[in-house]
Amino acid sequence: MLKKIFSRDRQKGMSEEWQTNDNVPAGLMTKCERCNEIYYRKEMEKNLFVCPNCDYHHHMRAWKRINSLFDEGSFEEWDANLETTNPLNFPDYLEKVKKDQEKTKLKEAVVTGKGTIEGYETAFAVMDSRFRMGSMGSVVGEKIARAIERARELNIPFIIFTASGGARMQEGVLSLMQMAKTSMAIKRFSDEGGFMISIMTHPTTGGVTASFASLGDYNFAEPGALIGFAGRRVIEQTTREKLPKDFQTAEFLLKHGQLDRIVHRHDIKPLLVNLLKMHQRTFTSEQTPFFSLEGGEQD
Amino acid sequence: MKHILEFEKPIYHLREKINELRKISMESNINLQEEIKTLEKRLARLEKDIYSNLTPWNRVQIARHQERPTTLDYIHLLIDDFVEFHGDRYYGDDGAIVAGVGFYHNNPVTVIGHQRGKNTKENIARNFGMPHPEGYRKAIRHMKLSEKFRRPIITFIDTKGAEPGKEAEERGQSEAIAYNLKEMSGLKVPIISIVIGEGGSGGALALGIGDHIHMLENATYSVISPEGAASILWKDASLAEKAAESMRITAQDLKELGIIDEIIPEPLGGAHRNVEEQAKNIDQVLVKSLLHFANFTPEQLLEQRWEKYKNIGKYLEL
Ligand SMILES: [Zn+2]
């Protein structure tokens, strides 16, 4: 039974090449996963890991993402000292965590903190799917919930980039409950006027999709990202139905009303800046007039 | 000038004649200045005569004009940095309603409106501006966000009506409209609604619970389309023109009935004759409305909204 759950998790998580991707030996060249064009790594990085030929959005490491968005030197990391334990005494769990720590130089599957984007202060969480497929255990849930709570206390927006295979099996029901904890934190934040943007990146699945990833005031996704609750193969096997080719892609979700927009990686920063600028006011700031011409005309 | 309405034909014929004379005068070097001048004078008179005596049915035709500016045209002209949002988070992305945020005179606002197409392809994508439940659900979600972030809401109304169809019924068309009416009633931010084309029935009203409601000069607003009224009243949709005359659907009528606040003038011949001028006319009225409510408290807003709507209706109390 457990084995079955694991293999299912892998199916709805990501393919092998996904895990190895971005891990290409630190050579000069890199190959696009989709069209096989070869590029200088530097060139690919400058293009935010979007293939200049076919526009495929490759995996982006958490710190690369943070550095691409935040004003230089403005980023402050939160809760880097939280350690994963083995609450269910699951065989090999901590070894696997350790291996991923070495591989990714991350302590867990999410980095949280705050910083400024073109001057707009915001709290932030970025998941990294290289680490245990970005799955959510106690540490991931706790870090995200704390980041949201701090955003509430500081009265600043919260932006999250999700990438996850779902719940962390090795932490069992403790993992499940992180869905409740993070969602509750969002409710508290939102009820006090907190502004949250969720940007789903490839892949965002399972319990993460069914909690914080879907709870932004705005939910966006990168083109082509796989987003869903249950895995394609699980659905196909249980329903014996052939699913459409674009099933659970960002484009499929947009068509079915689940997303507010699909945003090309190059357009994410300008969009965030525009929206941050537009959401400086909340219903708690009742002293500001609803409308005024005193701000001066733009043209 | 591809789409000439029946009652405008005399104008276009005269204009063609003038153009012909110009051409002849150019080509054969004959001086026809006198004749052209006379005809031009007559044209100006004719235009004024026709456009200042529009019947309700003429206005229906102008309101439905294929080139009539739509919600997105006004958004482009009036709103800066507009970001459109798509889904309703339940079922689909309804092209018949556009919703988003942007800056209006440097103030964040939410803008929501019905969206028609201007050609067949667009009209199919936009379902001829007739929303499904998901359109209304998208709209109310963004109105609630607008309340959360203390932004005024601007709505543009332009629909024959909500989509009448099997799927719309299955997904709760009535519930979607009703829910919007109820929730819009309680939003603690100013709502300004402008009827820019056709205001058809509950499908229009579901975006139209405004603190101020304005109508473009040639817009119409009624409980049903003239065709629908004719077929219900007289079992004959071809009597639409007669229905349009008797239903009191023009901006002037609604002003007299105490439902709308201002009539926004249109360029001679209709909004499509000069979209920029039309946007400017809208801008003037919109700014005035927003300034009017700028410093209302939530309580004041809700109180005056209730005052406004509870006073609509005509009856005799004995
Ligand atoms: Zn490529």
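The sections below set out a description of the structure shown in this document. (Residues numbered from 1 in each chain as written. Chains lettered and ligands numbered in written order. Predicted model: local features only at pLDDT ≥ 70, side-chain atom pairs only at ≥ 80, totals over all residues. Heavy atoms only, no water.)

## With respect to helix α8 (residues 173–185) of chain B
Residue and element names in this part refer to chain B.
Okay, so step 1: Taking 1.5 Å per residue as the helical rise, α8 with its 13 residues ought to reach 18 Å, and the 19 Å between its terminal C-alpha atoms agrees with that figure.
Okay, so step 2: Among the residues of α8, those classed as buried are Gln173, Ala176, Ile177, Asn180, Glu183 and Met184. In a view along the axis of α8, the buried residues occupy a sector of 140°, so they form one face of it. In α8, the exposed residues that point more than 90 degrees away from the buried face are Ser174 and Lys182. (Helix = DSSP H or I, 4+ residues; strand = E, 2+ residues; numbered from the N terminus. Expected span 1.5 Å × (residues − 1). Buried < 20%, exposed > 50% of the residue type's maximum accessible area, 1.4 Å probe, protein only. Arc of directions from axis to C-beta.)

## As for the pattern of salt bridges
Residue and element names in this part refer to chain A.
Okay, so step 1: This structure, assessed with the given rule, holds 47 salt bridges over all chains.
Okay, so step 2: For Asp191, the salt bridge is made with Lys187, and the minimal N-O distance between the two is 3.2 Å. Highlighted residues: Asp191 and Lys187, both in helix α7 (residues 172–191), separated by four residues, approximately one helical turn.
Okay, so step 3: In this structure Asp191 comes out as partly exposed when scored by relative accessible area, which is 43%.
Okay, so step 4: Note on Lys187: relative accessible area 52%, which makes it exposed.
Okay, so step 5: Here Lys255 makes a salt bridge to Asp246, at a shortest N to O gap of 4.0 Å. (Salt bridge = Lys/Arg side-chain N within 4 Å of Asp/Glu carboxyl O.)

## Section: the environment of Asn36 of chain A
Residues and elements named next belong to chain A.
Okay, so step 1: Relative to the assigned elements, Asn36 resides in the loop between β1 (29–31) and β2 (38–40).
Okay, so step 2: Under the relative-accessibility criterion, Asn36 is labelled partly exposed at 47%.
Okay, so step 3: Linking Asn36 and Asn53, residues 17 residues apart in sequence, is a C-alpha distance of 9.6 Å.

## So, the nonpolar core
Okay, so step 1: Membership of the largest hydrophobic core comes to 71 residues, with the highest contact counts inside it found for Ile144, Phe158, Ile159, Phe161, Phe220, Leu272 and Leu275 of chain A.
Okay, so step 2: The biggest single contributor to this core is helix α11 (residues 265–278) of chain A, with seven residues.
Okay, so step 3: When residues no more than four places from it in sequence are discounted, the contact partners of Phe158 of chain A are Thr122, Ala123, Phe124, Ala125, Ile144, Ala147, Ile148, Ala151, Phe189, Phe195, Met196 and Ile197 of chain A.
Okay, so step 4: If you look at the next biggest cluster of nonpolar residues, it comprises 56 residues, including Ile192, Ile196, Leu254 and Ala294 of chain B. (Core = buried A, V, L, I, M, F, W, Y, C linked by side-chain atoms within 4.5 Å. Contact = heavy atoms within 4.5 Å.)

## Digging into the coordination of the zinc ion
Residue and element names in this part refer to chain A.
Okay, so step 1: On the protein side, the zinc ion has Cys32 (SG), Cys35 (SG), Cys51 (SG) and Cys54 (SG) as donor atoms, found 2.2 to 2.4 Å from it.
Okay, so step 2: Because the angles between the four donor atoms bound to the zinc ion fall within 107 to 113°, the donor set is best described as tetrahedral.
Okay, so step 3: On the primary sequence, the residues serving as donors to the zinc ion are separated as C-x2-C-x15-C-x2-C. Of this pair, Cys32 sits in the loop between β1 and β2 while Cys54 sits in the loop between α3 (41–46) and α4 (62–69); the two residues are 22 residues apart in sequence, bridging distant segments of the chain. (Donors = N, O, S within 2.8 Å, 3.2 Å for Na, K, Ca; no water. Tetrahedral: all angles 85-135°; square planar, octahedral: opposite > 155°, others 65-115°.)

## Some details on the pairing of strand β4 (residues 110–117) of chain A
Residues and elements named next belong to chain A.
Okay, so step 1: Among the eight residues in β4, seven count as buried, and that is most of the element.
Okay, so step 2: Across three bridges, the pairing between strand β3 (residues 76–78) and β4 is antiparallel. Considered in β4, the bridge of Glu77 is made with Gly113.
Okay, so step 3: The pairing of β4 with strand β5 (residues 120–127) spans eight bridges and is classified as antiparallel. Counted as the bridge partner of Gly113 is Phe124 from β5.
Okay, so step 4: Hairpin geometry of β4 and β5 is characterised by an intervening segment of two residues between the two adjacent antiparallel strands and by a positive phi of about 45° at Glu118. (Pairing = 2+ DSSP bridges.)

## A word on the environment of Tyr218 of chain A
Okay, so step 1: Of note, Tyr218 of chain A is situated in strand β8 (residues 218–221).
Okay, so step 2: Separated by 68 residues in sequence, Tyr218 of chain A and Arg150 of chain A have C-alpha atoms that sit 20 Å apart.

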